[in-house]
Amino acid sequence: MSFHHQKIASMARTQRNKATAHHLGLLKARLAKLRRELITPKGGSGGAAGEGFDVAKTGDARIGFVGFPSVGKSTLLSNLAGVYSEVAAYEFTTLTTVPGVIRYKGAKIQLLDLPGIIEGAKDGKGRGRQVIAVARTCNLILIVLDVLKPLGHKKLIEHELEGFGIRLNKQPPNIGFKKKDKGGINFTATCAQTELDAETVKSILAEYKIHNADITLRSDSTADDLIDVVEGNRVYIPCIYVLNKIDQISIEELDIIYKVPHCVPISAHHRWNFDDLLERMWDYLKLVRIYTKPKGQLPDYTSPVVLHDERTSVEDFCLKIHKNLIKELKYALVWGSSVKHNPQKVGKDHVMEDEDVIQLVKK
């Protein structure tokens, strides 16, 4: 790795020596290819399937908890689950990881401990892979840190998750990428590029044996961004850093922590600031609650149908309930902030907003 650091140092020294940048881009591509073998599960029997880490996906969202041992991760999980939970754990007896399910604002949220991501996902071969696979399906990741030694841990955990193709609090790079059969590499950049040029892009693609493609860089992108797009197996997950054990620091220190983005200070043991944490979790999950109203009855406000904020059309709503429902739909009546008058008659493409009420009219 020191070689890599020297590389970076020399890049800083020389005014971004083009050859160096080019070379570094290639190294990164090679590294990414090796890493991919970690992420994609090998075919075949998949090793020790007995102690499976396949968690039934229940509820409306899934939150994964990651942290070193003894930072108070389990205390936090059991206290969160204890206070807000309503689903008995015996539904999941066969699993090695018992997820807690909490109900918050009407949504059922699954809390999962992701064990061993840090403490040796490398050596528990089959197991580590399964944990990674589950981590990649989370809607939100909570990294639990000890407020007294947060930064070292934070770096390590982020590095580890990045290695599994998980990108935290990031948007997918704004790069257009289309493979073709012929015509070479067609490279366009719609804005100034500090790192990538046609040459570097070509060599990175060549590393992937891609010789015909359209590449459009719509923002100032790095070699890593390009590699992420070519690999295509990246998942972009929001993340909250939970700083535990705040009972051990001063008020002044607490004020500083409050200004750090994506950070929530808590005390798992004393249950301090849980409401703040839950509220932040809710914000990051971006869930939309839709209440159903049977004809001639009041809306059912106790159990909303919960959708993700990118998919909130009437059609999405129908699919969430049953895959055949959309075929029977004549139109829907919607009350709420997404319509101009209440109720409004809408079709399957109408996009709803949080806490709308819907009544389906069948054919």
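So, a few notes on the structure that sits alongside this text. (Residues numbered from 1 in each chain as written. Predicted model: local features only at pLDDT ≥ 70, side-chain atom pairs only at ≥ 80, totals over all residues. Heavy atoms only, no water.)

Mapping Glu310 onto the fold places it in the loop between strand S13 (300-308) and helix H10 (314-321). Placed 22 residues apart in sequence, Glu310 and Val288 show a C-alpha to C-alpha distance of 9.2 Å. (Helix = DSSP H or I, 4+ residues; strand = E, 2+ residues; numbered from the N terminus.)

Right, let's get into the sheet that holds strand S12 (residues 287-292). The strand order across the open sheet formed by five strands is S13-S12-S16-S14-S15, and the pairing between neighbours is mixed. Whereas interior strands pair on both sides, the edge strands pair on one side only; in this sheet they are S13 and strand S15 (344-346). Along the sheet, successive strands turn relative to each other by an average axial angle of 40°, direction set aside. Relative to strand S16 (residues 356-362), S12 runs parallel, the two being bridged by three bridges. Each bridged residue has a counterpart across the sheet, and for Ile290 the counterpart in S16 is Asp356. This element, H10, spans S12, S13, strand S14 (329-335), S15 and S16 of the sheet and lies at about 110° to S13. (Pairing = 2+ DSSP bridges. Axes fitted to C-alpha atoms, helices over the stretch in contact; angles between N-to-C directions. Contact = heavy atoms within 4.5 Å.)

Glancing now at the sheet that holds strand S7 (residues 185-189). Within a beta sheet, neighbouring strands are joined by backbone hydrogen bonds and run either parallel or antiparallel to one another. Strand order across the open sheet formed by three strands is S6-S8-S7, with mixed pairing between neighbours. Bordering the open sheet on either side are strand S6 (175-179) and S7, each of which pairs with just one other strand. In this sheet, adjacent strand axes meet at a mean angle of 5° when their direction is disregarded. In this structure, S6 lies alongside strand S8 (residues 213-217), joined through five bridges in antiparallel fashion. The partner of Phe177 across the bridge, within S8, is Ile215. Where helix H6 (residues 198-207) meets the sheet, it contacts S6, S7 and S8, and its direction lies at approximately 135° from that of S7. Across the sheet, helix H7 (residues 223-231) touches S6 and S8, and the angle it forms with S6 is around 40°.

Here we come to helix H9 (residues 274-285). End to end, H9 covers 16 Å across 12 residues, agreeing with the expected 16 Å (1.5 Å per residue, within 8%). Here H9 has its buried residues at Phe274, Leu277, Leu278, Met281, Trp282, Tyr284 and Leu285. Down the axis, H9 shows its buried residues gathered within 165° of arc, on one side only. Of the residues one or two after H9, Lys286 is the one with positive phi, at around 50°. (Expected span 1.5 Å × (residues − 1). Buried < 20%, exposed > 50% of the residue type's maximum accessible area, 1.4 Å probe, protein only. Arc of directions from axis to C-beta.)

Now for the side chain of Arg62. In this structure, Arg62 sits in strand S1 (residues 61-67). The buried category is assigned to Arg62, whose relative accessible area is 3%.

This model, assessed by the stated rule, comprises two aromatic pairs. A centroid spacing of 6.0 Å and a plane angle of 70° characterise the contact between Tyr104 and Trp282, whose relative ring orientation is edge-to-face. One end of the pair, Tyr104, is in strand S2 (residues 100-104); the other, Trp282, is in helix H9, with 178 residues separating them in the sequence. For the residue pair Tyr104 and Trp282, the accessibility class agrees, reading buried in each case. Across the ring face of Tyr241, the terminal group of Lys154 is positioned such that the distance to the ring centre comes to 4.8 Å. Over the face of the ring belonging to Tyr331 we find Lys345, whose NZ or CZ atom lies 4.4 Å from the ring centre. (Phe/Tyr/Trp six-rings, centres within 6.5 Å; stacked < 30°, edge-to-face > 60°. Lys NZ or Arg CZ within 6 Å of the ring centre and 35° of its normal.)

Turning our attention to the pattern of salt bridges. Under the defined criterion, the tally for this structure stands at 17 salt bridges. Among the ionic pairs, Arg30 bridges to Glu207, the shortest N-O distance being 3.1 Å. Pair noted here: Arg30 is in helix H2 (residues 18-39) and Glu207 is in helix H6, with a separation of 177 residues, a long-range link. For Glu207, a relative accessible area of 14% gives the class buried. Glu162 is paired through a salt bridge with Arg167; the nearest N and O atoms lie 3.6 Å apart. Taken together, the shared-partner salt bridges in this structure form one network comprising Glu162, Arg167, Lys170, Asp228 and Arg234. (Salt bridge = Lys/Arg side-chain N within 4 Å of Asp/Glu carboxyl O.)

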